Amino acid sequence: MPRYSITTFGCQMNVHDSERMHDVLRCAGYTEAGSADEADVLVLNTCSVREKAEQKLRSEVGRLARWKRERADRVLVVAGCVAQQEGERLLKQMRAIDVVVGPDNIPELPGLLGDLAIGGLPIARTVFDLDAPRFLVASPPSPSSSPRAAPTAFVTVMKGCDERCSFCIVPHTRGPERYRPSDEIVAEIAALVAAGTREVTLLGQTVNSYRDPLGALPRAPGASADDPDESEFAALLRRVAADVPGLARLRYTSPHPRHLTPSLVLAHAELPVLPRHVHMPVQSGSDRVLRRMIRRYTRAEYVARTRALVEAVPGLTLSTDIIVGFPGETEDDFAATLSLVREVGFKGLFGFKYSRRPHTPALKLPDDVPEGVKGERLARLFEESEALLAAHLSALVGTTQQVLVEGRDKERGHGGAGGALWSGRTGRHEIAHIDGAGELDLLGEVVEVSITRANKHSLQAELTEAARAAARPRQRGGGLDARPGRRSLPVVAAEGG
Ligand code: 5AD
């Protein structure tokens, strides 16, 4: 049986696409190789959202040229956003590449590999499925499957993007917005939950612009028929909450502030399944820059919308994405971004230096903020956000939190006072490491902990007496090392998107 290996770059959407490539390859009779060296087919699932993606791919392919030369029948596949963006050109520029496959063409991958195996030429397949959008899902885990499904899972609700943010390549690499019928979304979540999944993250490039293509959702409370920013996302959240009562947590990423409408705020206020944390990319705190970025909201609108959310759900935390050094960004513009970070009080922040991307409207603008200034602004931004996070985490010491245990602590393995150490996330998404529960099997459980210490980016915790009394003991010799249902994808440079 031919063996394959997949390396993933970029966002959760790419991680999800890699899982679908695992599925289609395994269904076609391939098995996963232990390492690239043992693989017959190597897939690079690429990301082009920031900085020199094409050069990075070129050097990666250069490095793999030797791997290819070792055996004539080895196959190199480039998938993901660089594949979609460059298509056939990649085959001409890098002779080591055999197959280029776009995100919408994943089901065709085994067929393309088959053609190649019987002497076909290198081929690029990068066609958007505009007429009949396909949303690939894992074959539903059976309720009695062993190992059980992973505690957390991603479920795609839409793909593509109709925004035209001037810095962003996504509309080019992922095409226009296409939505998945709500019946399918609910069915996938119900099957996951029946097999043991506790938390689902709804995925989409602008996830809260969701509309049901079948028109099957009733209008959500608070939804306005004549607000152009209204969507059916709140209605979708309500339907999932009502139809899958066993789901413990329902997250989503990444939303656009434009669609943070009163109906979505009301859903957060009324649905306990929505955790008290939202990642809401703002990109800049300066109206002048927001206009040039074509974000379609002002700073005041962002503040008012997120404030409404926090007022509706006391204790809700926000995290965000910010770009520094966008063309024309002055020191005053950047100061406005810093002041917004303080004003909103973000508890998490992904910061990026602006980089010119092909096919984006901002290419017309000169990239005039010097590299050194971008670096210095990014450092100041992180200083601000780290201080906010540190204050937030230390304020939690001594409190009680509900943690969904996602696995054994990766960094510290068997360390910790009582043997193995478990880790998971609180309802607000803070990472919590649980000390002294090595003899217990906590995987997939929502447990009550008290916070004992704040680390730089996480919390240290221990089980409360009640949680300890209720927990299952670990089976001897079993279970602890298995991460049920979770394949070990080599995720490179995964960042919140
Ligand atoms: N330059 C820098 N950062 C970018 N992002 C998207 N495009 C660019 C670009 N051209 C960032 C945005 C987005 C995150 C996923 O990546 O902050 O929210």
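Residues numbered from 1 in each chain as written. Predicted model: local features only at pLDDT ≥ 70, side-chain atom pairs only at ≥ 80, totals over all residues. Heavy atoms only, no water.

1. What about the pairing of strand β11 (residues 249-253)?
For the record, the criterion: Here the term buried applies to any residue with accessible area under 20% of the maximum for its type, exposed to any over 50%, and partly exposed to those in between, with areas from a 1.4 Å probe on protein chains only. Numbering goes from the N terminus for both helices and strands, where a helix is a DSSP run of H or I of at least four residues and a strand is a run of E of at least two. Here, a strand pair is defined by DSSP locating no fewer than two bridges between the strands. By convention, orient the strands away from the viewer: a clockwise path from the first strand over the helix to the second makes the crossover right-handed.
Among the 5 residues of β11, 5 are classified as buried, and the element is accordingly described as predominantly covered. Here β11 shows two buried faces, one formed by Arg 249, Arg 251 and Thr 253 and the other by Leu 250 and Tyr 252. Strand direction decides the pairing type here: strand β10 (residues 199-203) and β11, joined by 5 bridges, are parallel. Considered in β11, the bridge of Leu 203 is made with Thr 253. At this point the chain moves from β10, through helix α8 (residues 233-243), to the parallel β11, and the crossover so formed is right-handed.

2. Here's the deal with the site of the ligand
The test is simple: What makes a residue near a molecule or strand is one non-hydrogen atom of that residue sitting within 4 Å of it. Here a polar contact is recorded for every N or O atom pair within 3.5 Å, except that within protein the pair must consist of a potential hydrogen donor and a potential acceptor, and residues adjacent in sequence are included only if both atoms are side-chain atoms. To be clear on the numbers: accessible area is Shrake-Rupley with a 1.4 Å probe, and residue cover counts the displayed protein chains and nothing else. In this classification, the charged set is Asp, Glu, Lys and Arg, the nonpolar set is Ala, Val, Leu, Ile, Met, Phe, Trp, Tyr, Cys and Pro, and all remaining amino acids, among them Gly, are polar.
For the ligand, the set of nearby residues contains 12 residues, the closest of which are Arg 50, Phe 167, Gln 283, Asp 321 and Ser 355. Within the contact set of the ligand, a nitrogen atom lies 3.5 Å away from a backbone nitrogen or oxygen of Val 49. Taking Gln 283, its side chain carries an N or O atom lying 2.7 Å from an oxygen atom of the ligand. The fraction of the free accessible surface of the ligand (410 Å²) that becomes covered by protein chains is 92%. Mapped by element, the contributors of at least two residues to the shell around the ligand are β13 (317-324) and β14 (348-353). In terms of residue class, the shell around the ligand is made up of 5 nonpolar, 3 polar and 4 charged.

3. Remarks on empty space enclosed by the protein
Just so we agree on the cut-off: Of the two site types, the cavity is a set of points on a 1 Å grid over the protein atoms alone where a 1.4 Å probe fits but cannot get out, and the pocket is an open set with protein on both sides within 12 Å along at least five of seven lines, each lined by residues with an atom within 4 Å of a point. Grid points are joined across faces, edges and corners, and a volume is the space filled by probe spheres set on the points.
As enumerated under the stated definition, the model contains 2 cavities of 30 Å³ or more in all. Along the wall of the largest cavity there are 15 residues; nearest its centre are Asp 17, Pro 103, Arg 134, Leu 136 and Lys 159. Among the elements that take part in the lining of the largest cavity, helix α1 (residues 12-27) stands out by supplying 4 residues, more than any other. Looking at the lining of the largest cavity residue by residue, the classes come out as 6 nonpolar, 2 polar and 7 charged. Empty space within the second largest cavity amounts to approximately 30 Å³. Contributing to the lining of the second largest cavity are Asp 17, Met 21, Asn 45, Ala 79, Gly 80, Val 101, Gly 102, Pro 103 and Ile 106. When its residues are assigned to classes, the lining of the second largest cavity shows 5 nonpolar, 3 polar and 1 charged.

4. Comments concerning the packing of helix α12 (residues 331-344) against helix α13 (residues 371-396)
Helix-helix packing is described using two parameters, namely the angle between the two axes and the distance between the axes. This is how it is decided: In this analysis, axes come from line fits to C-alpha atoms, helices being fitted only over the stretch in contact, and the angle between any two N-to-C directions falls in the range 0 to 180 degrees. Roughly parallel means an angle under 35 degrees; roughly antiparallel means over 145; roughly perpendicular covers 65 to 115; every other angle is labelled oblique. Each crossing gets its hand from how the near helix is turned against the far one by less than a right angle, where anticlockwise is left-handed and clockwise is right-handed. In what follows, a contact means two residues having at least one pair of non-hydrogen atoms within 4.5 Å.
Relative to each other, α12 and α13 sit at 15 degrees, their axes nearing to 10 Å. In terms of their interaxial angle, α12 and α13 are classed as roughly parallel. In terms of crossing hand, the pair formed by α12 and α13 is right-handed. Together, Glu 331, Phe 334, Thr 337, Leu 338, Val 341 and Arg 342 of α12 and Arg 377, Arg 380, Leu 381, Glu 384 and Leu 388 of α13 make up the contact between the two elements. Residues of the contact of α12 with α13, tallied by class, amount to 5 nonpolar, 1 polar and 5 charged.

5. Things to note about the sheet that holds strand β12 (residues 277-279)
One open sheet accounts for 3 strands, arranged β12-β13-β14; its pairing is parallel. A strand with exactly one partner marks an edge of an open sheet, and here the two such strands are β12 and β14. Sheet twist, expressed as the average angle between the axes of neighbouring strands with direction ignored, equals 10 degrees. One ladder, built from 3 bridges, connects β12 with β13; its direction is parallel.

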